[in-house]
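Spelled out, the chains give:
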Amino acid sequence: MQFMALIYNAEGSESSYEGGMGKIMADYWKFGEEAKAAGVMVTGDALEAVSTATSIRERNGKVELTDGPFAETKEQLGGYYLLECKDLDQAIEWAQKIPTAKYGTIEVRPVMVFDQ
Amino acid sequence: MSEIEHHLTRALRKSSGRILASLIKSFGDFDKAEDALQDAAAEALRVWPTNGIPHNPAAWLHTAAKRRAIDKIRKDTRHHAKETQQILIDLEATKEDMSETDYDIPDERLRLMFTCCHPALSNEAQLALTLRTLGGLTVREIARAFLSSETAMLQRITRAKKKIRDAGIPYEVPGIEQLAGRRVAVQKTIYLIFNESYSAFEGQTLTRDDLAKEAIRLAALLFRLDPCPETGGLLCLMQFTHARRAARTDNDGQMVSLEHQDRSLWDHKTIKQTNALLVEQFKLGQFGPYQIQAAISGMHCQAQSWGATDWQQIAALYQALTAFDPSPVVQLNAAMAQANMGEVQPALASLQTLEDELCCYQPFFAARAELHLMRGDKTSALFDLDRAIDLTKNLIERRFLLDKRENVAICKSDTEN
């Protein structure tokens with residue numbers, strides 16, 4: 001099964017991470033290597049800051065653009081991983097290793113599979 | 001109820017958890033398993049009157065349910081061919097040539113327990129699903145036990161099953177590195193079921209016996225399948241508590257406090273057996289909160305009277321419990337034990353530090369009223385009893401508190417006159 005791990009955190013919350021920004025980067029790199037070696041990593045990316053977000057919707061044939069994210073919440077989506085796991089337990093096991101779990105929230109959800 | 005129906009109901013009540021667990025293991029799907037068992041039950045009602053009641057009704061139901069399920073899977077073209085093959089191989093692997101009496105349903109209930117109590121499900125969903133699949137209770141029974149509507153309960157169970165299927169919650173006993181943590185979730189679910197039976201929040205009756213018995217049955221099952229001292233402790237705690245049930249209410253259905261209970265009504269045989277089981281757990285030297293709470297309950301059970309209770313030991317046990325669980329409720333109980341040892345003033349002082357956190361907790365005010373009475377301060381006691389009465393939602397508890405208030409008020413006016 002494929003699971004999407006969505007990585008949320010509040011802006012500035014990284015500062016609570018022991019070892020600071022440098023350590024976060026190093027730990028993310030380590031996580032990526034570990035997940036690749038285990039055959040779990042499908043893909044993953046970090047996203048630019050929420051200040052770069054543009055939200056798009058079409059209503060009555062007219063496209064509306066909004067400057068900013070879909071929902072103004074304290075914790076914002078900052079990146080994701082797509083993981084290949086046996087079941088939810090394995091997905092949880094990997095999600096808790098993502099460094100942001102220590103100061104933000106990781107949401108895991110299975111990727112929907114459509115029957116042929 | 002006809003004789004056939006009676007036998008069928010009994011077989012289902014006793015074995016549906018086990019049959020379902022085994023079917024779910026084969027299908028990897030709760031609904032298919034339940035449907036198959038239901039079909040088998042309907043078939044039993046048709047066939048048993050002519051062919052007679054089988055020697056081993058549970059085995060008969062299991063086999064019938066599997067046959068029905070195989071038929072259905074064969075017809076279901078949407079199923080992925082490879083998966084279907086595997087399921088069919090698994091199902092047909094059962095030794096059909098075995099005589100019905102020897103036939104044993106594989107015990108897959110431990111897996112099912114871990115799945116139903118998976119921490120990715122809400123507590124409410126865990127409780128409902130466990131009672132439905134492992135306890136074999138009907139949705140109506142569960143709804144009644146939790147004072148909820150049947151529709152709401154059915155929805156909760158359906159949603160939980162959907163999450164198990166779609167979110168990839170495994171049907172497995174967790175690996176060794178996760179087992180300890182996940183076992184705690186199973187223990188907690190069972191304990192919540194048991195507590196629910198005693199609190200009867202907003203309810204009319206103080207205990208719901210069936211729910212309590214079901215929780216004890218589940219704990220005994222967990223303990224047998226996955227023996228661990230804390231599960232043993234949980235089982236002992238519930239058994240000790242349940243052994244005192246007959247004395248907890250009087251003939252009019254009024255609540256009787258531990259102090260005034262008729263101890264001859266306690267189930268002393270169970271108390272004795274439970275005590276032996278608890279001692280065995282303690283010998284293993286892996287202490288935990290359930291074992292300690294069981295020990296406290298056991299101390300009460302073995303005291304000949306309220307006056308003969310070993311408060312020193314109980315206070316020490318509560319102290320040990322705070323190391324595992326420093327919650328204000330545990331601190332409240334520790335303070336009450338201290339007061340019963342005779343140290344009323346320090347107990348009252350520690351209660352004052354808990355008031356902010358327990359300002360909506362009825363037993364806090366009932367307990368503090370008790371301490372005020374020990375010091376002869378009836379005015380403060382009445383004040384706290386009023387607050388306890390305001391907070392309780394259980395009618396029997398309310399009557400108990402109102403009676404107590406009246407007694408204190410009478411004593412007070414007597415001394416004042």
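Just so it is clear, the model here is predicted, and its values are computed rather than measured.

Conventions we followed
- Residues numbered from 1 in each chain as written.
- Chains lettered and ligands numbered in written order.
- Predicted model: local features only at pLDDT ≥ 70, side-chain atom pairs only at ≥ 80, totals over all residues.
- Heavy atoms only, no water.
- Domains from an automatic or database assignment.
- Contact = heavy atoms within 4.5 Å.
- Buried area = accessible area lost by both parts, 1.4 Å probe.
- Salt bridge = Lys/Arg side-chain N within 4 Å of Asp/Glu carboxyl O.
- Polar contact = N/O pair within 3.5 Å; in protein donor to acceptor, adjacent residues only side chain to side chain.
- Helix = DSSP H or I, 4+ residues; strand = E, 2+ residues; numbered from the N terminus.
- Nonpolar A, V, L, I, M, F, W, Y, C, P; charged D, E, K, R; others polar.

What about the domain arrangement of chain B?
All names here are of chain B. Examined at the domain level, chain B breaks down into domain 1 (3-100) and domain 2 (108-250). In this complex, domain 1 contributes 14 residues to the contact, which on the side of domain 2 involves 19 residues. At the boundary of domain 1 with domain 2, total buried surface from both sides reaches about 1400 Å², with 58% on carbon and sulfur atoms. It is Arg13, Lys25 and Phe30 in domain 1 that bury the most area against domain 2; as a group they hold 41% of the surface buried on that side. Our count for the domain 1 to domain 2 interface comes out at four salt bridges. Taken together, the connections running from domain 1 to domain 2 amount to five residue pairs in polar contact (both at pLDDT 80 or more). Of all elements in the fold, only helix H1 (3-27) and helix H2 (30-51) reach the threshold of two or more residues within the side of domain 1 that touches domain 2. At ten residues, the largest contribution of residues to the side of domain 1 that touches domain 2 is made by H1. For the side of domain 1 that touches domain 2, the residue count by class is four nonpolar, three polar and seven charged.

Here's the deal with the interface of chain B and chain A
The figure often quoted for interface size is the accessible area lost as the parts come together. Opposite the twelve residues of chain B that make contact, chain A presents ten residues. With both sides pooled, the region where chain B packs onto chain A buries about 800 Å², and carbon together with sulfur makes up 47% of that total. The interface formed by chain B and chain A contains two salt bridges. Across the pair Glu172 of chain B and Lys86 of chain A runs a salt bridge, and its minimum N-O distance is 3.7 Å. Here chain B is connected to chain A by three residue pairs in polar contact (both at pLDDT 80 or more). Here the element with the most residues in the side of chain B that touches chain A is helix H9 (residues 176-199) of chain B; it accounts for three residues.

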